[in-house]
Amino acid sequence: MKTVEQIRLHNLLILLDECEADTGPRGAAALLSRKTAVPAALLSQLRNGVPNKSGKARTIGDDTARKLEVGMRKRIGWM
């Protein structure tokens, strides 16, 4: 069974793919950022598993998940 962190990362990649269809690969994070008010730099860090201060890969928290869901018109809980 997948963890919440794995599901959220997978769904983030789906959202980036949806945006990429409209912008091409270089503009996907910027478009997703504009639609959701989640900074593009954070989206990149989440996608690439950049470690936080403790050395563990960054994960998508509840607040960020809600912003992504609302901004991309997904049902609450989808992330």
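Everything in this summary refers to the structure shown in the same document. (Residues numbered from 1 in each chain as written. Predicted model: local features only at pLDDT ≥ 70, side-chain atom pairs only at ≥ 80, totals over all residues. Heavy atoms only, no water.)

**Overview of unusual backbone geometry**
Phase 1 of the analysis: Non-glycine residue A37 carries a positive phi angle of around 65 degrees.
Phase 2 of the analysis: Residue A37 is classed as exposed on the basis of its relative accessible area of 56%.
Phase 3 of the analysis: Of note in the backbone geometry, R73 takes a positive phi value of approximately 55 degrees without being a glycine.
Phase 4 of the analysis: Considering the arrangement of structural elements, one finds R73 in the segment after α4 (62-71). (Buried < 20%, exposed > 50% of the residue type's maximum accessible area, 1.4 Å probe, protein only. Helix = DSSP H or I, 4+ residues; strand = E, 2+ residues; numbered from the N terminus.)

**Side note on the packing of helix α1 (residues 4-23) against α4**
Phase 1 of the analysis: Where α1 contacts α4, the axes come no closer than 12 Å and their chain directions differ by 30 degrees. Considering their axes alone, α1 and α4 lie roughly parallel with respect to each other. Handedness of the crossing formed by α1 with α4: left-handed. Mapping the contact onto sequence places R8, L12 and L15 in α1 and D62, A65, R66 and L68 in α4.
Phase 2 of the analysis: Class assignment for the residues of the contact of α1 with α4 results in 4 nonpolar, no polar and 3 charged. (Axes fitted to C-alpha atoms, helices over the stretch in contact; angles between N-to-C directions. Parallel < 35°, antiparallel > 145°, perpendicular 65-115°, else oblique. Left-handed = near helix turned anticlockwise from the far one by under 90°. Contact = heavy atoms within 4.5 Å. Nonpolar A, V, L, I, M, F, W, Y, C, P; charged D, E, K, R; others polar.)

**Thoughts on the pattern of salt bridges**
Phase 1 of the analysis: Counting across every chain of the model gives 3 salt bridges.
Phase 2 of the analysis: The partner of K74 in a salt bridge is E18, with the nearest N and O atoms 3.0 Å apart. Taken together, the residues K74 in the segment after α4 and E18 in helix α1 connect sequence positions 56 residues apart.
Phase 3 of the analysis: Under the relative-accessibility criterion, K74 is labelled partly exposed at 24%.
Phase 4 of the analysis: Residue E18 is classed as partly exposed on the basis of its relative accessible area, which comes to 30%. (Salt bridge = Lys/Arg side-chain N within 4 Å of Asp/Glu carboxyl O.)

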